[in-house]
Amino acid sequence: FYRRIMDNPKKFLSDNIPVFFYKFDTEVPFTNCSLCDGLLSGYNKYAIEKVFKQNRVLNTSEIVYEYAICWNCAQTSGSDISDDSKNAIMSLFAEHRDFIAMKTDYLHANQMYNIESWIERCSLTGKEVRLCNEYAISAIIEHDKLLYEHSPMVVSDEFMEKLQSVLSKETKDKFDGLRDKILDGSPSVEDLIFSPTPGVL
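In short, a report on the structure. All values derive from a computational prediction rather than experimental measurement. (Residues numbered from 1 in each chain as written. Predicted model: local features only at pLDDT ≥ 70, side-chain atom pairs only at ≥ 80, totals over all residues. Heavy atoms only, no water.)

**Let's talk about the overall build of the protein chain**
Scanning the protein chain from N- to C-terminus turns up six helices and six strands. Ordering the α and β elements of the protein chain from the N terminus gives β-β-β-α-α-α-α-β-β-β-α-α. Among the 201 residues that make up the protein chain, the fraction classed as buried is 48%. Relative to all contacts within the protein chain whose residues are 6 or more apart in sequence, the contacts with residues 24 or more apart total 71%. Just so you have it, the protein chain exposes about 10,100 Å², and 47% of that area is on carbon and sulfur atoms. (Helix = DSSP H or I, 4+ residues; strand = E, 2+ residues; numbered from the N terminus. Buried < 20%, exposed > 50% of the residue type's maximum accessible area, 1.4 Å probe, protein only. Contact = heavy atoms within 4.5 Å. Areas by Shrake-Rupley, 256 points an atom, 1.4 Å probe, with all protein chains shown as cover.)

Below, the structure is given as structure tokens:
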């Protein structure tokens, strides 16, 4: 959806995949799709998403869950979204188009191709991640390199709440089912407002 509302986005491929997008527990790159378990090396492109929650006691961000999804699964999951939800998502992203364009244009114009510059604020609202109770960071990997285009993308709790408010119950249920499949129904994420959103990448 996001790609449809951007006009000719600039594109830059990093030399490699930043460690930030490695698996948290093993500190090595993802090798398999979290949905179909297929080898990611079989695809020229795949997506990674990591969701964080603030620990206000320790004043740090803690990763809650992460996953990699092959392009085939991402497209299939996106096609499952109802037409009403697709239109609502398009409208919501369009409302935030100016800030998205301003951020990406600035980063590309100044050739700021370091991960820190792209993940400090929500890509849609500008809210700093340090002020978020929850936030998600997603990226697209192309030919084993990080694609700097409209992503890496940061989604704040503020924007996700707006997104959740416009999704149909059917779509919410599908996203929740997708999350449960990826995470084996882990109870540690039941209270999060985030669900996997590969169709939005």
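Resuming the write-up.
**Some words on the pairing of strand 2 (residues 45-55)**
Of all 11 residues making up strand 2, nine are buried, and the element is well covered by its neighbours. Pairing analysis gives 10 bridges linking strand 2 to strand 3 (residues 60-70), with the strands arranged antiparallel. Its bridge partner being in strand 3, Lys50 is matched across the sheet by Glu66. The turn linking strand 2 back onto strand 3 is made up of four residues, and Asn59 within it adopts a positive phi angle of 55°. (Pairing = 2+ DSSP bridges.)

**Description of the layout of surface pockets**
Of the pockets and cavities examined, the second largest pocket occupies roughly 190 Å³. Phe99, Met102, Lys103, Tyr106, Leu107, Met112, Ser117, Trp118, Glu120 and Arg121 together form the lining of the second largest pocket. Of all the secondary structure elements, the ones that give two or more residues to the lining of the second largest pocket are helix 3 (97-109) and helix 4 (115-119). The element contributing the most residues to the lining of the second largest pocket is helix 3, with five residues. Among the residues making up the lining of the second largest pocket, the classes are represented as six nonpolar, one polar and three charged. (1 Å grid on protein atoms, 1.4 Å probe; cavity = no way out; pocket = protein on both sides within 12 Å on 5 of 7 lines; lining within 4 Å. Points joined across faces, edges and corners; volume = space filled by probe spheres on them. Nonpolar A, V, L, I, M, F, W, Y, C, P; charged D, E, K, R; others polar.)

**Quick word on the nonpolar core**
If you look at the biggest cluster of nonpolar residues, it comprises 35 residues, and the most contacted ones within it are Phe21 and Ile69. Of all the elements in the fold, those that place two or more residues in this core are strand 2, strand 3, helix 1 (71-79), helix 4, strand 4 (134-142), strand 5 (145-148) and helix 6 (169-183). Formed by 14 residues, the second largest nonpolar core is a distinct cluster that contains Leu92, Ile100, Val155 and Leu167. (Core = buried A, V, L, I, M, F, W, Y, C linked by side-chain atoms within 4.5 Å.)

**Some remarks on helix 6**
For helix 6, spanning 15 residues, the distance from its first C-alpha to its last is 21 Å, which sits close to the expected 21 Å at 1.5 Å a residue. The complete set of buried residues in helix 6 reads Thr171, Phe175, Leu178, Arg179, Ile182 and Leu183. For helix 6, the arc enclosing every buried residue in end-on projection is 120°, short of the 170-degree limit, so these residues lie on one face. Those residues of helix 6 that are exposed and aimed more than 90 degrees away from the buried face are Lys169 and Lys181. (Expected span 1.5 Å × (residues − 1). Arc of directions from axis to C-beta.)

**A closer look at unusual backbone geometry**
Omega for the bond connecting Ser151 with Pro152 falls within 30 degrees of zero, at 5°, which places this linkage in the cis form. Within the secondary structure, Pro152 sits in the loop between strand 5 and strand 6 (153-156). Even without being glycine, His143 reaches a positive phi, approximately 50°. Here His143 lies in the loop between strand 4 and strand 5. Look at His143 and you get partly exposed, because its relative accessible area is 46%.

**Digging into the packing of aromatic side chains**
Using the criterion set out here, one finds eight aromatic pairs in the structure. Look at Phe93 and Phe159: their rings are 5.3 Å apart centre to centre, the planes differ by 85°, and that puts the pair in the edge-to-face class. Here the residue Phe93 occupies a position in helix 2 (residues 83-95), and Phe159 occupies one in helix 5 (residues 157-166), the gap between them amounting to 66 residues. Side by side, Phe93 and Phe159 carry an identical accessibility label, which is buried. An aromatic cluster of three or more residues is present, and its members are Phe12, Tyr113, Trp118 and Tyr148. (Phe/Tyr/Trp six-rings, centres within 6.5 Å; stacked < 30°, edge-to-face > 60°.)

**Description of the pattern of salt bridges**
For the structure shown, the criterion picks out six salt bridges. Note that Glu66 and Lys50 form a salt bridge whose closest N and O atoms lie 2.4 Å from each other. Remark: Lys50 occurs in strand 2 and Glu66 occurs in strand 3; sequence separation between them is 16 residues. For the pair shown, Glu66 and Lys50 are each scored as buried. Ionic contacts of the salt-bridge type, sharing partners, join the residues Lys11, Lys45 and Glu142 into one network. (Salt bridge = Lys/Arg side-chain N within 4 Å of Asp/Glu carboxyl O.)

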